[in-house]
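Residue-level structural notes
Each chain, letter by letter, is given below.
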Amino acid sequence: MELSSLDLPFEGPLAQRGIGIIAPFDLALERELWRWVPVEVSLHLARTPYEPVPVSMEMARLVSNEQHLEAATKTVLHVEPEVVAYLCTSGSFINGVDAERELRKIICDAGAPDAVTTSGALAEALHHLNMHKIAVLTPYDADLTGKLHEFLAELGVATVSSDHLGLGGGIWRVNYRTIAEHILNADHPDAEAIFVSCTNLPTFDLIDPLESMLGKPVLTANQLTMWASLDRMGLPIVGPGSWHHGMTETVTPE
């Protein structure tokens, strides 16, 4: 059979556009990340080195080590990502707002065309939405959750209510029912949105039903990171959530 006789549906494959992902060593939710991106986008994953410590303030500092981020960035540059995202909430809020900006600078100085962090993406979304009061749910202990409250306060955002699961590991194993119950518990009438922290906590299929029930945005770590990354590429995010519809203009990070 001649190749010319085949009825091919289109020229292809689609031109690939890439996002580099720097993930903590314990990330187990890669499949959720792919659900957030259009078909032409590929995710190129690198991990920080294994650290024999539980999820804690110590781990957050270890997985945001400057040398580890620089090395991980360089491992994904060969496949030419348009942006490199540091996919870790605690690692990007643990040392405050200025340190989050420095993480993005480290990634760009290592050669990335642009950089995103999960906590930086949260800051961008809250600024874009003009929100100043939120509720928070984390899977962390009280001390690490407190560091998130401090990060938000630096941004001028009040944490009006908060709940945490107190987990030291295995965060990806938490079931949807448990997460939903804690999100409902964390909500507060004064909260303009609810932020669910941690890129290892499954949330994708909860967002739309909980937004319908609560009547406010439910912002999640993976959603925010993918939104900020795709926004820099001029692409819309794919997936649930009411707040990001139509938000395709590039948000300039501070």
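Please refer to the structure higher up on the page.
Conventions we followed
- Residues numbered from 1 in each chain as written.
- Predicted model: local features only at pLDDT ≥ 70, side-chain atom pairs only at ≥ 80, totals over all residues.
- Heavy atoms only, no water.
- Helix = DSSP H or I, 4+ residues; strand = E, 2+ residues; numbered from the N terminus.
- Rg over C-alpha atoms; globule rule 2.2 N^0.38 Å.
- Contact = heavy atoms within 4.5 Å.
- Lys, Arg positive; Asp, Glu negative; His and termini not counted.
- Charge placed at Lys NZ, Arg CZ, Asp CG, Glu CD.
- Expected span 1.5 Å × (residues − 1).
- Buried < 20%, exposed > 50% of the residue type's maximum accessible area, 1.4 Å probe, protein only.
- Disulfide = S-S within 2.5 Å.
- Pairing = 2+ DSSP bridges.
- Axes fitted to C-alpha atoms, helices over the stretch in contact; angles between N-to-C directions.
- 1 Å grid on protein atoms, 1.4 Å probe; cavity = no way out; pocket = protein on both sides within 12 Å on 5 of 7 lines; lining within 4 Å.
- Points joined across faces, edges and corners; volume = space filled by probe spheres on them.
- Parallel < 35°, antiparallel > 145°, perpendicular 65-115°, else oblique.
- Left-handed = near helix turned anticlockwise from the far one by under 90°.
- Nonpolar A, V, L, I, M, F, W, Y, C, P; charged D, E, K, R; others polar.
- Phe/Tyr/Trp six-rings, centres within 6.5 Å; stacked < 30°, edge-to-face > 60°.

Right, let's get into the overall build of the protein chain. Of regular secondary structure, the protein chain possesses 10 helices and eight strands. Taken over C-alpha atoms, the radius of gyration comes to 18 Å for the protein chain, in line with the 18 Å a tight globule of 254 residues would show. Across the protein chain, contacts joining residues at least 24 apart in sequence account for 76% of those joining residues at least 6 apart. Across the protein chain, the 15 positively charged side chains and the 34 negatively charged ones have centroids separated by 4 Å.

For the rest of this paragraph, the subject is helix H6 (residues 118-129). Look at H6: 17 Å from first C-alpha to last across 12 residues, which is about the 16 Å you get at 1.5 Å a residue. Most of H6 is tucked away: nine of the 12 residues are buried. Taken as a whole, H6 has its buried residues at Thr118, Ser119, Gly120, Ala121, Leu122, Ala123, Glu124, Ala125 and Leu126. Once H6 finishes, Asn130 follows within two positions and takes phi at roughly 55 degrees, a positive value.

What follows concerns the state of the cysteines. Per the counting criterion, the structure on display carries zero disulfides. Note on Cys108: no disulfide assigned, nearest cysteine sulfur contributed by Cys88 at a separation of 18 Å. A disulfide-free cysteine, Cys198 has its sulfur positioned 7.2 Å from the sulfur of Cys88, the nearest such atom.

On to the sheet that holds strand S1 (residues 17-23). The strand order across the open sheet formed by four strands is S2-S1-S3-S4, and the pairing between neighbours is parallel. The open sheet has two free edges, formed respectively by strand S2 (41-47) and strand S4 (115-117), since each of these has just one partner strand. Averaged over all pairs of adjacent strands, the angle between strand axes in this sheet comes to 25 degrees, irrespective of strand direction. Across three bridges, strand S3 (residues 83-86) lies against S4 in parallel orientation. If you follow Tyr86 over to S4, its bridge partner there is Thr117. Together, S1, S2 and S3 form the strand contacts of helix H3 (residues 66-76), whose direction differs from that of S2 by roughly 140 degrees. Sheet strands touched by helix H10 (residues 221-232): S1, S2, S3 and S4. Its angle to S4, the strand with the most contacts, is close to 165 degrees.

Most of S1 sits out of view: six of its seven residues are buried. Two elements, S1 and S2, share seven bridges in a ladder whose sense is parallel. Following the sheet pairing, Ile22 is matched in S2 by Ala46. Where S1 lies against S3, four bridges are found, and the strand directions are parallel. Residue pairing across strands places Ile19 opposite Val83, the latter belonging to S3.

A word on the environment of Pro54. Take Pro54: it is sitting in the loop between S2 and helix H2 (57-62). Look at Pro54 and you get partly exposed, because its relative accessible area is 48%. Residues Pro54 and Leu167, 113 residues apart in the sequence, show an inter-C-alpha distance of 8.6 Å. Setting aside residues up to four positions removed in sequence, Pro54 forms contacts with Met59 and Gly168.

For the coordinates displayed, the defined rule picks out one cavity of 30 Å³ or more. By volume, the largest cavity is sized at about 150 Å³. Lining the largest cavity are 15 residues, and of these Pro24, Asp26, Cys88, Ser90 and Cys198 sit closest to its centre.

Close contact between H3 and helix H5 (residues 97-109) brings their axes to 8 Å; oriented N to C, the two are set at 40 degrees. In terms of orientation, H3 and H5 fall into the oblique class. As H3 runs across H5, the sense of the crossing is right-handed. Each of Glu66, Leu69, Glu70 and Thr73 in H3 lies in contact with H5, whose residues at this interface are Leu103, Ile106 and Ile107. Looking at the contact of H3 with H5, its residues break down into four nonpolar, one polar and two charged.

This brings us to the packing of aromatic side chains. All told, the structure shown has four aromatic pairs when counted by the stated rule. Here Phe25 and Tyr50 contribute two aromatic rings whose centre-to-centre distance is 5.3 Å and whose plane-to-plane angle is 80 degrees, an arrangement assigned as edge-to-face. Note that Phe25 is positioned in the loop between S1 and helix H1 (30-34) and Tyr50 in the loop between S2 and H2, a separation of 25 residues in sequence. Classification of Tyr50 as exposed rests on a relative accessible area of 60%.

The analysis is restricted to geometry; functional conclusions fall outside its scope.
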